[in-house]
Amino acid sequence: CGEVAALRAMGFSQEQARRLLALQPQLGPEHREAAAAQLLLLGLSTEAALALLERSPALLRLPTERLRERAEELRRLGLDGGRLLRAVSRCPQL
């Protein structure tokens, strides 16, 4: 399917793509792809991005523009990669 191919092109494994597709199945593919892309742009690994989306599936329901704005704000604050993972593990709603 096209959505699996898009997720695989982002670096997700077949199993990770399957798990990601199982999250909020009623949403269109653009929501999952946009959320995954923003998390990857923050420096998270595919596994960390997937784990975050599994813990906070509400991220998938955010409008794409709002998600992009939040990601830009986190980058502006210097939260990316490992720092972001530590912050999110302490405060998942971040």
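Residues numbered from 1 in each chain as written. Predicted model: local features only at pLDDT ≥ 70, side-chain atom pairs only at ≥ 80, totals over all residues. Heavy atoms only, no water.

For the chain, the name recorded in an unreviewed UniProt entry is MTEF4 factor, with Dicrurus megarhynchus as its organism.

Trainee: Any chance you could break down the environment of S13 for me, citing the residues and the numbers?
Mentor: Inspection of the secondary structure assignment puts S13 in the loop between α1 (2-9) and α2 (14-22). Accessibility expressed as a relative area gives 29% for S13, which makes it partly exposed. Taking C-alpha positions, S13 is 9.2 Å from E47, a pair spaced 34 residues apart along the chain. (Helix = DSSP H or I, 4+ residues; strand = E, 2+ residues; numbered from the N terminus. Buried < 20%, exposed > 50% of the residue type's maximum accessible area, 1.4 Å probe, protein only.)

Trainee: Describe the packing of α2 against helix α4 (residues 46-55), and please don't skip the residues or the numbers.
Mentor: At a closest axis distance of 10 Å, the pairing of α2 and α4 adopts a crossing angle of 20°. One finds that α2 runs roughly parallel with respect to α4. Where α2 crosses over α4, the handedness of that crossing is left-handed. Only T46, E47, L50, L53 and E54 of α4 make contact with α2, whose side of the interface consists of Q16, R19 and L20. Looking at the contact of α2 with α4, its residues break down into three nonpolar, two polar and three charged. (Axes fitted to C-alpha atoms, helices over the stretch in contact; angles between N-to-C directions. Parallel < 35°, antiparallel > 145°, perpendicular 65-115°, else oblique. Left-handed = near helix turned anticlockwise from the far one by under 90°. Contact = heavy atoms within 4.5 Å. Nonpolar A, V, L, I, M, F, W, Y, C, P; charged D, E, K, R; others polar.)

Trainee: Just give me the short version of the pattern of salt bridges, but keep the residues and values in it.
Mentor: Per the stated rule, a full pass over the model turns up eight salt bridges. Its salt-bridge partner being E3, residue R32 comes within 2.7 Å of it at the nearest N-O pair. Note that R32 is positioned in helix α3 (residues 29-41) and E3 in helix α1, a separation of 29 residues in sequence. You'll find R32 and E3 in the same group, each marked buried. The salt bridge partner of R19 is E54, with a shortest N-O separation of 2.9 Å. Remark: E54 occurs in helix α4 and R19 occurs in helix α2; sequence separation between them is 35 residues. (Salt bridge = Lys/Arg side-chain N within 4 Å of Asp/Glu carboxyl O.)

Trainee: Which residues make up the nonpolar core, and what values do they have?
Mentor: Grouped together as the largest cluster of nonpolar side chains are 27 residues, with contacts concentrated most on F12, L20, L39, L44, L53 and L84. Secondary structure elements with two or more residues in this core: α1, α2, α3, α4, α5 (64-76) and α6 (81-90). When residues in this core are grouped by element, the largest group, five residues, is from α4. Apart from the residues within four sequence positions on either side, L39 is in contact with L44, A49, L52 and L53. (Core = buried A, V, L, I, M, F, W, Y, C linked by side-chain atoms within 4.5 Å.)

Trainee: Kindly report on the packing of α1 against α3, identifying the contributing residues and their values.
Mentor: The geometry of α1 relative to α3 is characterised by a closest axis approach of 11 Å and an angle of 5° between their N-to-C directions. It follows from the interaxial angle that α1 and α3 lie roughly parallel. Packed against α1, whose contacting residues are E3, A6 and L7, the element α3 presents P29, R32, E33 and A36 at the interface. Tallied by class, residues from the contact of α1 with α3 come to four nonpolar, no polar and three charged.

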